Amino acid sequence: MNTHTDNKRTVPWWLKLVLLLMLGMPGFSGWPNGWIIQKLQATDLFTPEIAYIVVWVAYACSVWLVVLICAGKQKLLNYLGAAFVLALTVAMLGAILRGLFPLLAAGLSREATSFKLIRIFINIIIFLPFSVLFINSFSAKQLIDRVAHFDGRYRTVGLHLALAFRVFQHTGEVVFNLFQIWAEEYPEKIVPRNEGSRKFRWYAPGNLLVWGWGCIHAWIFACIIHTFEPIPAMVAEVERIDRANNSHKGTKNTKEQKGLL
Amino acid sequence: MNIHRFHSFENQVAFFTARTGVHLPRMTFGKGAFFKDLGKWSSTYSSQAQDVECVHILPDPVQGLSFPRAVDVLSSALSLSCGIVDTDEIYALLEYFGLPGSKATQPVISLSGGELLLLNFAKAKAMLTAVGGVVACSPIHWLNENSYIYWEKLVDAYHARQRFVDVALLTGEPFIDEERAKPEAAIEPVPAVEWQLVLNHPIVEFAEIRFPSYHPASRIEYGLADDRSSIEFQSPMLMTGDNGVGKSIFGKILSGILKPASGDMAISAPNGTGHARLIFQDAIDQLFGKSIDGHLAWVFRFDREKGKAAQQIYTEIDTKMRDYFKDRPKEAEALGPQAEHCTLLQAKISLIAERLATRPTVLVLDEPGWGLSGPIARKLVETVCRVAGGLQVAIVLISHHARWWTGMVRSRCHLEKQGHDHVIIRKIPEPCMKFDDTSGISE
């Protein structure tokens with residue numbers, strides 16, 4: 001029988017944190033990608049745009065490889081599916097809005113605006129899978145247990161952060177559930193089930209915009225509402241763990257003193 | 001054991017909140033009311049401190065489980081009473097409540113309703129020494145009768161330690177103290193709809209999970225008894241089976257949410273051959289965070305004809321139910337105000353009306369009685385079966401409470417596990433009632 005102990009990854013949490021921070025370094029600081037881009041440009045073989053795309057796409061592949069090794073093929077495909085849908089939505093909406101409201105481009109040329117959108121696209125397809133990998137790499141339960149053993153003000157701050165971390169993790173579970181609900185309502189996923197009579201063209205530009213915006217709006221609020229829904233129960237649970245750990249230590253620590261919320 | 005019975009889900013939730021201090025935001029009023037409730041909870045939170053620590057089993061049992069896997073839930077619960085948790089204790093607890101060890105690492109969100117309740121029981125048992133009691137809402141609603149024993153074991157353990165057990169039930173809800181009463185009134189036979197299920201050994205595969213922790217791959221292969229490839233049913237059809245056997249998963253295959261990795265499934269019904277529509281166990285989530293009216297308006301944004309049809313179906317079901325309960329104001333509370341759609345029952349009627357307006361081949365109602373009192377659930381399903389019959393939509397009820405639907409269903413099938421990953425669907429005769437459309441029901 002596979003037991004909990006057998007199944008647990010044996011990599012210590014701090015090593016995982018260091019490795020993940022190293023993997024995410026280009027996102028946090030731009031290094032070493034910026035340096036490599038400069039070197040490529042210096043060869044005169046690449047324009048700045050092409051050098052940027054080559055380096056960041058190579059970096060994207062290395063991030064995806066790490067996700068593949070850690071999470072497996074199925075999860076990688078799920079993350080990439082979500083990332084590409086989000087990236088395409090953002091890039092297309094950005095292009096439409098910049099076309100409709102040129103002021104948004106803030107004086108940038110058309111080429112510079114297009115390249116900016118490509119950068120946003122690349123960032124999303126890299127950092128969405130990376131963020132999900134990062135958040136799910138740590139056990140919220142262990143984090144809460146560990147923080148509950150702290151003393152003083154770090155304990156309250158730590159519990160707030162641990163709870164926020166668990167809520168972030170819960171978002172992934174919520175999306176899984178919402179996707180099933182969406183698939184039942186809209187089997188074609190991006191096409192409305194009830195398209196109206198044959199004379200009515202739901203895909204006319206105005207209707208398409210209404211549909212697209214409605215879908216984005218629905219998903220954003222559904223994700224927020226379903227993520228936040230169990231927060232009262234989660235807070236009660238975290239407080240209970242905190243009180244129990246506190247009583248194990250034999251110290252007095254009431255809810256009012258801690259002010260978890 | 002203190003048993004409290006309520007006529008509506010809203011009253012049951014209000015009791016739970018008052019008893020535990022855990023505020024559950026309303027989900028049927030839309031985002032405005034939701035955030036208002038959450039704000040109210042956060043601003044009054046410190047004043048809701050409870051004198052006695054207790055375990056909570058919420059109406060939707062998944063909400064009482066704050067961690068992603070059973071091992072996390074149980075090790076957290078066990079650590080309340082002792083600092084260091086022995087892994088074997090976790091597996092022993094799962095086994096004690098009839099859950100296989102493989103459930104330990106399965107994501108909680110993918111457990112069935114019954115398994116979620118059993119995990120809540122295991123958690124409550126683990127916390128026994130650290131709490132003063134348990135407050136449970138509808139603790140056996142999603143359980144098969146064979147599993148009621150696990151609730152009794154939990155109650156016995158709490159009583160042995162002189163801890164309180166508060167149970168919030170809905171009127172007429174099945175419970176261990178239930179008297180096996182006959183249905184309150186004879187039901188006129190509901191219209192029959194003939195339909196056929198063709199099953200070519202569909203296999204659903206659940207990929208192995210390697211992240212954040214390992215859980216092995218699994219699969220379920222569905223087949224018909226006696227190696228048949230098709231089976232005829234008369235709607236309304238009742239689908240039963242043990243907890244975790246795969247009833248809800250089968251409902252999701254019928255409605256096209258889950259695609260078989262191999263094999264296939266087809267429905268042939270008077271309305272054609274497409275997929276079924278499905279009302280989930282926790283139907284409230286299907287509003288997708290919108291209000292009841294907001295959801296209906298959004299779904300039919302481009303199709304006013306169907307939108308009108310859905311409104312008419314809603315009004316028909318609502319009117320019939322209000323007429324039936326007009327002399328029983330307490331029970332009619334669940335129907336909410338006629339002008340404002342805000343209760344769980346109204347949400348269910350709206351979701352059903354929306355689906356019936358699209359004239360599906362089959363409408364699957366997964367545990368349609370959840371969150372409803374017995375008489376309301378029975379009347380709702382009966383009315384829906386009548387309206388659906390008029391639209392030639394076949395109805396499939398997935399439920400553990402066969403007695404609720406006595407005299408209403410025309411055929412029944414039972415799902416049972418054979419071996420590790422085979423599930424056999426067997427048509428079983430309805431023992432009590434025989435239907436004859438000309439003369440009505442005869443015993």
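Everything numeric here is computed off the predicted structure, so don't read it as measured data.

Asker: In this structure, what is going on with the overall build of chain A? I would like to understand it.
Answerer: Scanning chain A for helices and strands turns up 11 helices and 0 strands. The N-to-C order of helical and strand elements in chain A reads α-α-α-α-α-α-α-α-α-α-α. Across its three principal axes, chain A shows a C-alpha extent of roughly 65 × 60 × 45 Å. By residue count, 41% of the 261 residues in chain A fall in the buried class.

Asker: It is not clear to me how the interface of chain B and chain A should be interpreted in this structure. Could you clarify?
Answerer: Reports of interface size often rely on the accessible area that becomes lost once the parts have come together. Facing the 68 residues of chain B at the interface are 74 residues of chain A. Applying the counting criterion to the chain B and chain A interface returns 6 salt bridges. Residue R277(B) is joined to E185(A) by a salt bridge in which the shortest nitrogen-to-oxygen separation is 3.1 Å. Our enumeration of links across chain B and chain A arrives at 16 residue pairs in polar contact (both at pLDDT 80 or more). Looking at which element gives the most residues to the side of chain B that touches chain A, the answer is helix α2 (residues 31-44) of chain B, with 5 residues. Class assignment of the residues belonging to the side of chain B that touches chain A gives a composition of 34 nonpolar, 19 polar and 15 charged.

Asker: I'm lost on the packing of aromatic side chains in this one. Help?
Answerer: Any aromatic ring pair is given by two values, namely how distant the centres are and how the planes are angled relative to each other. Using the criterion set out here, one finds 35 aromatic pairs over all chains in the structure. When the ring of Y59(A) is compared with that of F127(A), the centres are 6.2 Å apart and the planes differ by 50°; the resulting orientation is tilted. Of this pair, Y59(A) sits in helix α4 (residues 48-71) while F127(A) is found in helix α6 (residues 110-136), placing the two residues 68 residues apart along the sequence. Under the relative-accessibility criterion, F127(A) is labelled buried at 18%. One residue, R26(B), lies across the ring of F29(B), its end atom 4.4 Å from the ring centre. Seen from the ring of W298(B), K290(B) lies directly overhead, with NZ or CZ sitting 5.1 Å from the centre.

Asker: Sorry, what's going on with the environment of L372(B) here?
Answerer: By the element assignment, L372(B) lies in the loop between β11 (362-366) and α12 (374-390). When sequence neighbours within four positions are dropped, the list of residues in contact with L372(B) reads L170(B), L345(B), K348(B), A377(B), L380(B) and W404(B).

How each quantity is defined
- Residues numbered from 1 in each chain as written.
- Chains lettered and ligands numbered in written order.
- Predicted model: local features only at pLDDT ≥ 70, side-chain atom pairs only at ≥ 80, totals over all residues.
- Heavy atoms only, no water.
- Helix = DSSP H or I, 4+ residues; strand = E, 2+ residues; numbered from the N terminus.
- Buried < 20%, exposed > 50% of the residue type's maximum accessible area, 1.4 Å probe, protein only.
- Contact = heavy atoms within 4.5 Å.
- Salt bridge = Lys/Arg side-chain N within 4 Å of Asp/Glu carboxyl O.
- Polar contact = N/O pair within 3.5 Å; in protein donor to acceptor, adjacent residues only side chain to side chain.
- Nonpolar A, V, L, I, M, F, W, Y, C, P; charged D, E, K, R; others polar.
- Phe/Tyr/Trp six-rings, centres within 6.5 Å; stacked < 30°, edge-to-face > 60°.
- Lys NZ or Arg CZ within 6 Å of the ring centre and 35° of its normal.

By themselves, these observations are geometric and do not establish any function.
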